[in-house]
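# Architecture and fold: a report
The primary structure of each chain is shown beneath.
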Amino acid sequence: MTIDFSDYVACLKTDPEHPHKQALEASYHEAARVMSAQGLVHYLTGMKALCSLNKGEDLILTYVQHLPAVVKEVGEDITPDLVGALMKLASHTSGTVITLIMANMPLAASRLGDAEVVRGYLNLLHQLAGKAPRGLRPMMENMDELLGKLTLGGLRRWAMWGAQAHARDLDGQLAYFGLQTEPSRAVLQKERRGTLFVDNQRKLNFYLRALWARAFFMRPTSGDYESRLGLRPFIEDFQIHLPDAFDNFRGISGIEVYRAAAAHGAAHLVYTTAPLSAEQLTPAQMRFIELFEDARVESLAIRAFPGLRKLWLGIMTAPLTAKDEAVELHPMVDLMMRVAQALLDPDYQDALAMINETAAAFHDACARRGEDNRISWNAGIDFYNRAVAQYHLPNLRVLENVPIPYRDDNRYCWAFDENRFLSHGIDYLPASRQQVRRQVSAMELANEVDVETAGDDAQEVWVCSTEFFPYEDHGVSFNALEGKEPVSEPFYYHEWDYHAQLYRPDWVTVIERRQGRADPQLMDDILTKYKPVASRIRHLIDALQPQGIVRRRGYEEGEELDLSAAVRAMIDIRRGVMPDPRINIRISRHVRDLALVVLMDLSESTNAKIGGLDQSDPTYAHTPSILSLTREATGLLAWAIDSIGDTFAVHGFASDGRHDVQYFRFKDFDQPYDDGPKSRMAGMKGGLSTRMGAALRHAGWHLTRQSASKRLVLVITDGEPADIDERDPQTLRHDAKKAVEDLRMQGVHTYCLTLDPQADRYVARIFGENNYSIVDQVERLPERLPAVFAALTG
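Residues numbered from 1 in each chain as written. Predicted model: local features only at pLDDT ≥ 70, side-chain atom pairs only at ≥ 80, totals over all residues. Heavy atoms only, no water.

## Observations concerning the nonpolar core
- Counting 66 residues, the largest nonpolar core has Trp212, Leu242, Leu308, Trp312 and Tyr406 as the members making the most contacts within it.
- Taken together, the elements giving at least two residues each to this core come down to helix H12 (201-212), strand E4 (239-243), helix H13 (254-271), helix H14 (283-304), helix H15 (307-316), helix H17 (331-344), helix H18 (353-369) and helix H19 (374-388).
- When residues of this core are assigned to their parent elements, the largest contribution, 11 residues, is made by H13.
- Each residue touching Tyr406, except ones within four places of it in the same chain, is listed here: Pro233, Val257, Ala260, Ala261, His264, Glu298, Trp312, Ile315, Met316 and Leu344.
- In terms of nonpolar packing, the next biggest core, distinct from the first, is built from 63 residues, Val64, Ala90, Ala159 and Leu188 among them. (Core = buried A, V, L, I, M, F, W, Y, C linked by side-chain atoms within 4.5 Å. Buried < 20%, exposed > 50% of the residue type's maximum accessible area, 1.4 Å probe, protein only. Helix = DSSP H or I, 4+ residues; strand = E, 2+ residues; numbered from the N terminus. Contact = heavy atoms within 4.5 Å.)

See the structure below:
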């Protein structure tokens, strides 16, 4: 196989006599054995991209020679991510360090063992390049020892500790990351985990093959970035995902926990032949059913291999350590632990008769029809009903933390439509209740009988791709007369779990909707109502207008020659004096380059009257609501921004749980501020709850599509983040804070104008000091908002 590398490695000398030519040919032959045709294209494209960095020949040759070994370990899909990561690092560190990173990639791939974990490793290197760039070289030189002792999570905590401790001490960075200091060794020993998956993967494969005489695919996962607890085992795409390390559990070695977890996952794959139905179940009921389903597959495995009972029961009944005894279990969790032991051990007798009766009935059902998973469904619901009659039902997170480390999260067992909840985070909805949107032709639409009573709950919505006009030609389509504006396709966003210090992937669903319209004259009347305020805003506008061309003197290079400075320089030359070389003028054009989203909280609380008046108060009818003041303030601000000429959008949001965050676009960036946006703003209504983090991420997504150099989200809210499906008030506050931090990393600034007089308790933690204002008198909102905008963007 011969290939012309001249188009891909123009920075190398590839003449026939040069050794580079032979190295390239040999490496390409090795790559062809482990990569597909598309993988080879990515391989060659990566050569060309790295050559464009001009970081030296060693980097190119290292990449060419080592990438096949990386692909052999974790697959060829890692190639674009690896090349992209190296190109990002090029702006932070030298070519020598990047070459070292590439040289260590085969080691990292073999020790981490999974493409997704390797991507996490590349992200860690990018973070370190910004926080501790001097530490990358010594860290790479000690990577063999580090990856031999640490998981990716442990490596991240060790590296971040050093980066924070020696943020301004460059010599300290060299010593810490070179493992030359006592703190470095101490943190390394602290973060060292008991048993690593990569050291025992082959043993576990042989173990499962010896039991079931078939191959099982196992992959490591890394989720212990902050808590050291790691991810729970899970099964996805018929692969068993296990934590990248297990510590010893109550005196039981980590390898025994690995055997138990692998055998339990394999039992699910072998004996789960039909999914469970989750229709009309609560999450708590599902946790109880999972308890019995785990016992069912384990009983079938024990029937074939009796020795597995000793393995699983040994972990479940291991004596508590002093640390475990200090943790008080919720009574419901203790009940679940006891019934799990009774289901696994037929000889176990509990002091509670209800547990003994449940276990006896379940053992009998398993003996007669153990292959039918409906016995788990029935037994779980029955035990749930009996348990909640005697014990208080705790928070769902408490039920999810039953201390049985080898059991998986049971996502494999449930009958969700194409497992969409795994990839998109939506709640389960039975197929009979899902709404379908069909594209139909005009003839199909004309021949179908109208259903006048159909509403938003219709099972099927027909969409015609072209406008459909009635026979009486009035120039108005049926869609304009009777149709409803379609909602957008769903947008899925992560949400931050501050307990686990991890993102819940694709947890929140944002859907863009349209609110109703009203008379646009209402927005014009606002300017008349606030005429004195509008007059002051006009002065602010004049001060914020672009200043045109500005000339600055005193530069060595510029667009024009400064004649006075040039004459002085010639005089100095004639006098034999060194002249001043700064004889040029630089010309800069002052143009405002701003994109802004005004994001309004349109939750139910905005319908309240100012001062909290109720309908019995005689002044209730004449007192404005918070929503009306928000509309007036936004109307004044929109008029001001439109007069300046900045790019802006007016959006709003409300939420009805994590699966339905409603996002309203009253004015888009490319729309003029005319009667269209005004009519929508005049018709805005409040309702539902305030899931702020998801709305901020979606507003940031809209802003990142704008080419402005400065981007700003201006939030107007009357209260803290909250939603109907989240009982812990801190959860959505921490998520909103994380959303603000994520937007800041993308170059999007946020500012909050809140009407909540108690907002000092939380708004500073979410948006940061000096990034919020509290309007003590809500009536002053229309005059405060334009002034805040002027201060932010002037």
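## Regarding the environment of Asp735
- Mapped onto the elements, Asp735 comes out in helix H30 (residues 729-745).
- What makes Asp735 buried here is its relative accessible area of 0%.
- Those residues in contact with Asp735 that lie beyond four places of it in its chain are His494, Glu495, Trp496, Gly693, Ala694 and Arg697.

## Looking at the pairing of strand E17 (residues 748-754)
- Judged by how many residues are buried, E17 sits mostly within the fold: 6 of 7 residues are covered.
- One crossover worth recording links strand E16 (residues 710-717) to the parallel E17 by way of H30, and it is right-handed. (Right-handed = clockwise from strand over helix to strand, strands pointing away.)

## A word on the packing of aromatic side chains
- Following the criterion strictly, the structure yields 19 aromatic pairs and no others.
- Note on Trp158 and Phe177: the rings are 5.4 Å apart at their centroids and 80 degrees apart in plane angle, and the pair reads as edge-to-face. Residue Trp158 is found in helix H9 (residues 152-165), and its partner Phe177 is found in helix H10 (residues 170-177); the two are separated by 19 residues along the sequence.
- Judged by its relative accessible area of 0%, Trp158 is buried.
- When the ring of Phe197 is compared with that of Tyr258, the centres are 5.8 Å apart and the planes differ by 55 degrees; the resulting orientation is tilted. Residue Phe197 is found in the loop between strand E1 (195-196) and H12, and its partner Tyr258 is found in helix H13; the two are separated by 61 residues along the sequence. Across this residue pair, the class does not change: Phe197 and Tyr258 are buried.
- Counting every residue linked through ring pairs, the aromatic cluster contains Phe288, Phe292, Phe362, Phe383 and Tyr384. (Phe/Tyr/Trp six-rings, centres within 6.5 Å; stacked < 30°, edge-to-face > 60°.)

## Structural notes on the sheet that holds strand E2 (residues 218-221)
- Across the sheet, 3 strands lie side by side as E2-E4-E3; this open sheet has mixed pairing. For this open sheet the edge positions go to E2 and strand E3 (234-236), each flanked by a neighbour on one side alone. Pairs of neighbouring strands in the sheet enclose a mean axial angle of 35 degrees, with direction left out of account.
- The pairing of E2 with E4 spans 4 bridges and is parallel. Its bridge partner lying in E4, Pro220 is registered against Leu242.
- Relative to the sheet, H13 contacts E2, E3 and E4, its axis offset from that of E4 by approximately 155 degrees. (Pairing = 2+ DSSP bridges. Axes fitted to C-alpha atoms, helices over the stretch in contact; angles between N-to-C directions.)

## Thoughts on the packing of H17 against H19
- One way to put it is that H17 packs onto H19 with a least axis distance of 12 Å and a crossing angle of 140 degrees. By the criterion of interaxial angle, the relationship of H17 to H19 is oblique. For the pair H17 and H19, the crossing hand works out as right-handed. Here H17 contributes Met332, Leu335 and Val339 to the contact with H19, which in turn contributes Phe383, Ala387 and Val388.
- Tallied by class, the residues present in the contact of H17 with H19 amount to 6 nonpolar, no polar and no charged. (Parallel < 35°, antiparallel > 145°, perpendicular 65-115°, else oblique. Left-handed = near helix turned anticlockwise from the far one by under 90°. Nonpolar A, V, L, I, M, F, W, Y, C, P; charged D, E, K, R; others polar.)

Function-wise, these values are silent; they only describe arrangement.
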